[in-house]
Amino acid sequence: TPRLAVLASGRGSNLQAILDAIGDGRLDARVAGVFGDRPKALALERARDAGIPARGLRPRDFASRQDYDAALFAAIAAVEPDLIVCAGYMRLLGAAAIEPWQGRIINIHPSLLPAFKGLDTHARALEAGVAEHGASLHYVTADLDGGPVIAQARVAVHHGDDADALAARVLAVEHPLMLATLQLLCAGRVNLRDTRVELDGQPLQAPLQL
Ligand code: GAR
């Protein structure tokens, strides 16, 4: 059974979706630990409620971002994960920390990448007047929100949407997107080869639409 380490900064609804899916047998995986940059985050509380080791490290307790990343990834490595899942982790990860985990670290991002990398994606999508928005599951590389995309889920932008309404519509598709992608990853069907995503040993021509 694949071991997951989850990184989260806040609410943890994606983490909860993973825990629920494991709990009722839809996902064959185990969450070995949950980690974050805010010790009081709801995500860490959800983990502890589920009996999972949770660790919050405060960046300001470290001399540099490199030191913080090193401590964070040492804690993660200690639970021996097969896959690291960034699920609402809101800090930049340094290249040195990510490098040893290439191909074994993924992130969910609330936009149809490569559109709207970075923060405030929903407000920026509304500003840009796009008709479609959504979420992407991608491999993490040193290029922020720029790693190879595995899968996406789309929603329509409605007339009169504000950022909160749009965020809620996207979040509703993030949870099934996370689950479907983890099912493929945990079954060993999706892999990163060099810079390309493979499904069942064949290069993916475009992100899966889930
Ligand atoms: C999700 O919408 C996720 O896509 C986004 O934060 C939210 C976390 O929600 N992630 C990012 O913006 C990463 N830059 P959750 O804590 O309820 O899972």
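Our structure's up above, just so we're on the same page.
Residues numbered from 1 in each chain as written. Predicted model: local features only at pLDDT ≥ 70, side-chain atom pairs only at ≥ 80, totals over all residues. Heavy atoms only, no water.

Asker: Sorry, what's going on with the pairing of strand S6 (residues 132-139) here?
Answerer: A regular strand places its side chains so that they alternate between the two faces of the sheet. Of all eight residues that make up S6, seven are buried, and the element is covered over most of its length. Pairing of strand S5 (residues 105-109) with S6 involves four bridges; the strand directions are antiparallel. By the bridge assignment, His109 is partnered in S6 with Ser136. Of the pairings in the sheet, the one linking S6 to strand S7 (residues 149-156) comprises seven bridges and is antiparallel in character. When the bridges of S7 are listed, Gly134 appears paired with Arg154. (Buried < 20%, exposed > 50% of the residue type's maximum accessible area, 1.4 Å probe, protein only. Helix = DSSP H or I, 4+ residues; strand = E, 2+ residues; numbered from the N terminus. Pairing = 2+ DSSP bridges.)

Asker: How should I be thinking about the environment of Leu210 in this particular structure?
Answerer: Position of Leu210 among the secondary structure elements: in the segment after strand S11 (208-209). Overall, Leu210 belongs to the partly exposed group, its relative accessible area being 45%. In sequence terms Leu210 and Val170 are 40 residues apart; their C-alpha atoms lie 13 Å from each other. Excluding anything up to four places from it in sequence, Leu210 contacts Ala151, Gln152, Ala153, Leu177, Ala180 and Thr181. (Contact = heavy atoms within 4.5 Å.)

Asker: Looking at this structure, how should I read the state of the cysteines?
Answerer: What makes a disulfide is a covalent bond joining the sulfur atoms belonging to two cysteines. Considering all chains together, one arrives at zero disulfides under this definition. Here Cys86 stays free of any disulfide, with the sulfur of Cys186 as its closest cysteine sulfur at 15 Å. Relative accessible area serves as the criterion here: at 19%, Cys186 is assigned to the buried category. (Disulfide = S-S within 2.5 Å.)

By themselves, these observations are geometric and do not establish any function.
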